[in-house]
Amino acid sequence: MTTELHSTTALAVENRRLRRRVQDLESMVLRLQADNDRLSAAARDDALSVEDLQPA
């Protein structure tokens with residue numbers, strides 16, 4: 001019975017650790033998506049500026 005309780009406790013601890021890791025990774029994905037959106041917008045703005053300098 002003690003081994004079963006230990007296993008259950010260990011699984012609960014591991015489950016909490018994994019849930020926390022998933023939350024961390026989800027947060028990282030959101031930050032990276034926001035950075036990517038910001039960089040994409042900046043690249044589009046730069047591309048438009050270069051095109052504006054080209055002779056018509």
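Here, the structure is the one placed above.
Report on the accompanying structure. Treat the numbers as computed from the prediction; the structure is a model and nothing was measured. (Residues numbered from 1 in each chain as written. Predicted model: local features only at pLDDT ≥ 70, side-chain atom pairs only at ≥ 80, totals over all residues. Heavy atoms only, no water.)

A tally of regular secondary structure across the protein gives 1 helix and 0 strands. For the protein, with 56 residues in total, the buried portion stands at 0%. A total of about 5,400 Å² of accessible surface is found on the protein, and carbon and sulfur atoms cover 59% of it. (Helix = DSSP H or I, 4+ residues; strand = E, 2+ residues; numbered from the N terminus. Buried < 20%, exposed > 50% of the residue type's maximum accessible area, 1.4 Å probe, protein only. Areas by Shrake-Rupley, 256 points an atom, 1.4 Å probe, with all protein chains shown as cover.)

The next thing to look at is a nonpolar patch on the surface. Residues Leu25, Met28 and Leu32 make up a contiguous nonpolar surface patch of roughly 260 Å² in combined accessible area. Its location among the elements puts Met28 in helix α1 (residues 2-53). Taking relative accessible area as the criterion, Met28 reaches 38% and is therefore assigned partly exposed. (Patch = residues over 30% accessible without salt bridge, like charges linked within 9 Å, V, L, I, M, F, W, Y side chains within 5 Å. Salt bridge = Lys/Arg side-chain N within 4 Å of Asp/Glu carboxyl O.)

A word on the pattern of salt bridges. Under the definition given, this model contains 2 salt bridges. The residue Glu14 makes a salt bridge to Arg17 at a minimum N-O spacing of 2.8 Å. Taken as a pair, Glu14 and Arg17 lie in helix α1 at a separation of 3 residues, close to a single helical turn. Residue Glu14 is classed as partly exposed on the basis of its relative accessible area, which comes to 33%. Here Arg38 ties to Asp35 by a salt bridge, and the two come within 3.7 Å at their closest N and O atoms. Of this pair, Arg38 and Asp35 both sit in helix α1, separated by 3 residues, roughly a single helical turn.

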